[in-house]
Structure formats: C-alpha cells, structure tokens
Amino acid sequence: LVVMACSSLLLRGLRVGGLVRCAAPARLGLPAQDGATAAAVRVSLREAGTICSSRVLTRARLTQTRTPAVQAAASWLRPASAAVLGNCSTRSLSQVAGGVGGGAIPTPQQNPELSFEQALAITELTTAQLDNDLMTYAKSLEQIRSMANQASLAERWQAMIHVFMSAVLHAIIPFGFEPNDSGLNAFNTAVDQYLKTHERKKELQDAAMQRWRLLAERAFGTVLTKDDAMSVDQARQLTSLISLRMQSEEFMQELDTKVNGLGPDPSQEQRQQAVLLVTMPLQVKVMQEFGFQGDDGYVRMQIGLMQHASDETVMYNTMSGALATLRRAGVTLG
C-alpha cells in the first residue's frame, strides 16, 4: 500500500530517492527545511550545551528561555514566532544524547546507539512540537487542513508526512543523529526494533499513536480515539488485499502508462508522484470493502495501519506491494 508504504519505507529506514522530497509541500506553500539548515541548528545547540527533556517540554509547551544559543536554534524550529524553547528544567546534552562529555552534541560522522528511553523521549518531543501552536509545524498542519477544497487528498497526505518527517529530524539532532536521511534511517530502524521486541513496547506504541492521532486531527480534522483502533487481523487482511492488487498485471500496466506519460527522462519525484496517483484509487476501492468511506475513512485507515506497522505480516504485505510498484516505476531504492 504505497501512499502509506512509501512513507513507511522512508520512516523505517529504506531510502526512496533520498531525504523526503516531494512536490506536494511546495504546492501547498509549506516551508522547505533542508539538512543544511538542520546542521545550523546542531551548531547552535552545541553552543548552548543544554536541552529540555521531552517530558518537561510536553508540559511546558516550549515557553520562553533566556539562552541565546537555544533561541537561535529554535528560530528555525519556529521561524514564525518570537517564542523559543525554554523556561523548563534543562540538563546536559551528555545526559540526554548519550554520554558525550561537556554537554557537547556528538559529531555527525556516526549515528549513535539509541536507548529505549531516548526513543520514547524523541517520540514525545516530536508530538510536543507538532502540538505547539507557536511552532511552524502546527501552523503547517493547519494550512494543510485549510486546503481540503483546493488540493487532492494524496497531496495533503504527502504534505502531512513532510511536516511530520521535518519534526522528527529536528527532534533527533540533539541526540547525536546526523541531520539527514542517514540519521532518520538510523533512528527509525532503532525505534522499529524496540516496537517489535522491547518489554515496554506498548508504552512506545501508545506514544507513537498519540502523535498520529494528533496529525490526523490537525491536518485533516479527523478525530480518533483509542476506541477507534484497528485490529491486527483487519490490518493484515487489508494490507494483503492491497498488496495483491498492486502486484497484478492490470495495475502494473496502468502504472506503466502513467510513468511513460511523464516524458523521456522523468525525475525521481515525478516517478514517486506517478506511483501515488495510481495507487490512491486502488486503496480507496479496497478500503471501501472494509467499511472506510471518503477522505475521513482514508485517514482512519492509514492511521489504523500505522498502529500495526511493526507487525511482521503487515510489514511483509506492505513492503512486497510497495517495493514491486516502486521498482516498476523506476524509483531508485537505496
């Protein structure tokens, strides 16, 4: 299932044409946020030498601080606001990010090992950033929601993923991860492993689902509660059917027609967009068979599947359909 699966591949470590670059955010007027700017955030945070713990950040909602370097770092996290990180207890980055002496952030030459507590802290920090009305992420999500009658669901879903990935990127930088797709891949691979095997995986899963429910409400107006959870059996059946239909010759020929219509030398972004455009109608047909209707139903289906993204069967179904489709479209996998 490619709209979710392409995003899932990126989120969980398989690079599809590099760090999330899609046309939808630009068309919707969302800010571009690149690795170079993220590196500048790293320098400012290294100078500051301190960072608020995510649990405190969640409670404090990122209020004012008097630390100039943290202000400089936060100016990118929230360019539209004068308010910055702070007024909360801070601790040395050596404590938060893995034991580097003197409070310095580890150099980006090698991504660090991630503890379970750090994975949970980053997940909570990302949610706090997305939920803060003063930060650019929340503003971007509200902008996506306001475009419901002007942009397609596929474009808005892509744009939401773009905002989400940008927030994750910012959250992992102070923990020593590279400010690029390599850092994201390393982080998501570690989180995926904890979701499969750790004795406290339910705690991490709940934190992740809280974040997805927040994204659904802010970007699409879809209100989800714990009672809306999709069963793992339903997730397996749904992804199996979508995967089978995606690998059918009829679907592949439709994809070929769309890609061939792009011209003699289409870009990776154009190829990815072609995949999304032909996959969306297929997903909509399948989701209707499971009782999901309209844009709201599509969002509910996708968020429900995210809850079981680490299930081995769901993962296999998702990857088998997505990889076959992306390869057929000529999307570079790395």
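What you see is a predicted model; the values in this text were computed from it and never measured.

As a further point, take the overall build of the protein chain. Counting secondary structure elements, the protein chain contains 16 helices and 2 strands. Here the protein chain, with 334 residues, has 56% of them falling under the buried criterion. Residue pairs at least 24 apart in sequence account for 77% of intrachain contacts in the protein chain once pairs closer than 6 positions are excluded. Working note: accessible area of the protein chain is about 14,100 Å², and carbon and sulfur atoms make up 49% of it.

So, about the side chain of Arg213. Its location among the elements puts Arg213 in helix α11 (residues 201–220). In this structure Arg213 is buried but unpaired, with Asp206 as the nearest side chain of opposite charge at 6.4 Å. Arg213 has contacts with Asp206, Thr222, Leu224, Thr225 and Lys226, leaving out every residue within four places of it along the chain.

With that settled, the discussion passes to the pattern of salt bridges. Within this structure, the stated rule accounts for 15 salt bridges. The residue Asp206 makes a salt bridge to Lys202 at a minimum N-O spacing of 3.0 Å. You can see Asp206 and its partner Lys202 sitting in helix α11, 4 residues apart, about one turn around the helix. Close ionic contact of Arg300 with Asp296 constitutes a salt bridge, the shortest N to O distance being 2.7 Å. Of this pair, Arg300 and Asp296 both sit in helix α15 (residues 294–306), 4 residues apart, roughly one helical turn. According to the relative accessible area criterion, Arg300 is partly exposed, its value standing at 26%. Through salt bridges that share partners, Asp131, Asp133, Glu142 and Arg218 make up one connected network.

Enumeration over the complete set of coordinates arrives at 5 aromatic pairs. Between Phe164 and Trp212 the ring centres are 4.8 Å apart and the planes differ by 45°, which places this aromatic pair in the tilted class. Residue Phe164 is found in helix α9 (residues 153–172), and its partner Trp212 is found in helix α11; the two are separated by 48 residues along the sequence. Neither residue differs from the other here; Phe164 and Trp212 are each classed as buried. Plain terms: the ring middles of Phe177 and Phe187 are 5.9 Å apart, the flat faces sit at 80° to each other, and that makes the pair edge-to-face. A residue pair is termed long-range when its members are at least 10 positions apart, and Phe177 in the loop between α9 and α10 (181–197) and Phe187 in helix α10 qualify at 10 residues.

What follows covers the nonpolar core. Generally speaking, soluble globular proteins have nonpolar side chains that are buried together. Core analysis: the biggest nonpolar cluster contains 69 residues, and Leu130, Trp157, Met160 and Trp212 have the highest contact counts within it. Counting residues per element, this core draws most heavily on α9, which supplies 14 residues.

Reading guide: rules and limits
Residues numbered from 1 in each chain as written. Predicted model: local features only at pLDDT ≥ 70, side-chain atom pairs only at ≥ 80, totals over all residues. Heavy atoms only, no water. Helix = DSSP H or I, 4+ residues; strand = E, 2+ residues; numbered from the N terminus. Buried < 20%, exposed > 50% of the residue type's maximum accessible area, 1.4 Å probe, protein only. Contact = heavy atoms within 4.5 Å. Areas by Shrake-Rupley, 256 points an atom, 1.4 Å probe, with all protein chains shown as cover. Lys, Arg positive; Asp, Glu negative; His and termini not counted. Salt bridge = Lys/Arg side-chain N within 4 Å of Asp/Glu carboxyl O. Phe/Tyr/Trp six-rings, centres within 6.5 Å; stacked < 30°, edge-to-face > 60°. Core = buried A, V, L, I, M, F, W, Y, C linked by side-chain atoms within 4.5 Å.

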